[in-house]
Amino acid sequence: MKTAILTDSTAYLPKALRDELNIFMIPLSVIFGEDAYREEFDITMKEFYGKINEGGKLPTTSQPVIGHFVDMYEQIAKEYDAVIGIYLSSGISGTYQSSMTAADMVEGLDVYSFDTELSCTPQAFYVLRAVEMVKQGKMPSEILAELTEMKKWTKAYFMVDDLNHLKRGGRLSGAQALIGSLLQVKPILHFEDKVIVPFEKIRTSKKALKRIGDLFEEEYNEGDKFQAVIIHANREDGARMWMTELKKRFPNAEFGISSFGPVIATHLGEGALAMGWTKKSS
């Protein structure tokens, strides 16, 4: 069986890497007024922040329409027998649900959808593991079982400068956003049961970043090999400084750096920082 791997744009895998590994991608969109812009195709990060800084009403986001999934599946069916779609959390987007609805509209292709229950580069960890297993000749059922197992050790924690973006987008309750604003705290957030919730409330950014490092240390000290990523929203200098500190602290982990694209940055706001990790496959 020839199996394709599909993901959405919020995994933020570079196009060159996707092309090299034959990964298919379907984009989400960011919407300014009546104009929708597909991530990667219609708007760059520079253009996105330019529009944000112009003022006016903040953007919203949109999942791929079902018709786009149908078109993608039909394209994949020309060369493949099956496709495994790996998507951002169904708790913050309808992308996963749309992928399954579209699957019933296509013949000649076995379609499998996987909910990572998070997003961004930690989502990409699942995608890259699936690609690796396809190369090993594994069946879709084996790949999905491995991805499900990965959920036990794939984590993401993040800190935002302004909780109002999450509140406005419905990704965090109003009460939680208000408490954060009043106390001037820097809450550490994470995904729990597929949605974004506060993990701990910390008074300063420095302490929040240290606490995230402490959370990683708890698993790092168990002796497994980890790959980790620092993700930023237009805060590259801060991200690189943090990564330099973490590399010294955790010399046996493999670190990379990435950024939040327009869709996720819409909800987190400029200045957000995150760290995600997973165990390296043996």
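Heads up: these notes are all about the structure in this document. Just so it is clear, the model here is predicted, and its values are computed rather than measured.

Before going further, it helps to examine unusual backbone geometry. Within the chain, glutamate 40 stands out as a residue other than glycine whose phi angle is a positive 75 degrees. Among the structural elements, glutamate 40 can be located in the loop between strand 4 (35-38) and helix 2 (45-53). Here the phi dihedral of asparagine 234 falls at roughly 55 degrees; this positive angle occurs in a residue that is not glycine. Relative to the helices and strands, asparagine 234 is located in the loop between strand 11 (226-232) and helix 10 (236-249).

Time to look at the side chain of glutamate 39. Turning to its location among the elements, glutamate 39 is positioned in the loop between strand 4 and helix 2. Lacking a salt bridge, the buried glutamate 39 has arginine 18 as its closest oppositely charged neighbour, with an N-O distance of 9.4 Å. Polar contacts involving the side chain of glutamate 39 include one to the side chain of serine 9, which spans 2.6 Å.

With that out of the way, let us pick up the pairing of strand 12 (residues 254-259). One ladder, built from six bridges, connects strand 11 with strand 12; its direction is parallel. Considered in strand 12, the bridge of alanine 228 is made with phenylalanine 255. Each parallel crossover has a hand, and the one from strand 11 via helix 10 to strand 12 is right-handed.

This part takes up the nonpolar core. Among the nonpolar cores identified, the biggest contains 48 residues, and Ile86, Leu147, Phe158, Phe260 and Ile264 are the most heavily contacted of them. Of all the elements, helix 5 (residues 120-135) adds the most residues to this core, at eight residues. Setting aside residues up to four positions removed in sequence, phenylalanine 260 forms contacts with Tyr12, Met45, Cys120, Ile231, His232, Ala233, Ala265, Leu268, Ala272 and Ala274. Of all hydrophobic cores here, the second largest spans 23 residues; its members include Tyr157, Ile202, Trp242 and Met243.

If you trace the backbone, isoleucine 52 turns up in helix 2. Counting along the chain gives 217 residues from isoleucine 52 to glycine 269, while the straight-line C-alpha distance between them is 9.8 Å.

One can describe the packing of helix 9 (residues 205-220) onto helix 10 by two numbers: an axis separation of 12 Å at closest approach and a directional angle of 35 degrees. Our pair here, helix 9 against helix 10, has a crossing hand that is right-handed. Where helix 9 approaches helix 10, its residues Leu209, Lys210, Ile212, Gly213, Asp214 and Glu217 are matched on the opposing element by Trp242, Leu246 and Arg249. When grouped by side-chain class, the residues that make up the contact of helix 9 with helix 10 number four nonpolar, one polar and four charged.

A separate point is the packing of helix 5 against helix 6 (residues 140-150). Between helix 5 and helix 6, whose axes approach to 10 Å, the crossing angle comes to 150 degrees. Remark: the crossing between helix 5 and helix 6 carries right-handed chirality. Taken together, the residues of helix 6 that come into contact with helix 5 (itself represented by Phe125, Tyr126, Arg129, Ala130, Met133 and Val134) are Glu142, Ile143, Glu146, Leu147 and Met150. Of the residues that constitute the contact of helix 5 with helix 6, the class distribution is eight nonpolar, no polar and three charged.

The set of residues buried in helix 6 consists of Pro140, Ile143, Leu144, Leu147 and Met150. In an axial view of helix 6, the angular spread of the buried residues amounts to 115 degrees, which keeps them on one side of the axis. Buried residues belonging to helix 6 abut strand 1 (3-8), strand 6 (82-87), strand 7 (110-115), helix 5 and strand 13 (273-279).

Rules of the game
- Residues numbered from 1 in each chain as written.
- Predicted model: local features only at pLDDT ≥ 70, side-chain atom pairs only at ≥ 80, totals over all residues.
- Heavy atoms only, no water.
- Helix = DSSP H or I, 4+ residues; strand = E, 2+ residues; numbered from the N terminus.
- Buried < 20%, exposed > 50% of the residue type's maximum accessible area, 1.4 Å probe, protein only.
- Lys, Arg positive; Asp, Glu negative; His and termini not counted.
- Salt bridge = Lys/Arg side-chain N within 4 Å of Asp/Glu carboxyl O.
- Polar contact = N/O pair within 3.5 Å; in protein donor to acceptor, adjacent residues only side chain to side chain.
- Pairing = 2+ DSSP bridges.
- Right-handed = clockwise from strand over helix to strand, strands pointing away.
- Core = buried A, V, L, I, M, F, W, Y, C linked by side-chain atoms within 4.5 Å.
- Contact = heavy atoms within 4.5 Å.
- Axes fitted to C-alpha atoms, helices over the stretch in contact; angles between N-to-C directions.
- Left-handed = near helix turned anticlockwise from the far one by under 90°.
- Nonpolar A, V, L, I, M, F, W, Y, C, P; charged D, E, K, R; others polar.
- Arc of directions from axis to C-beta.

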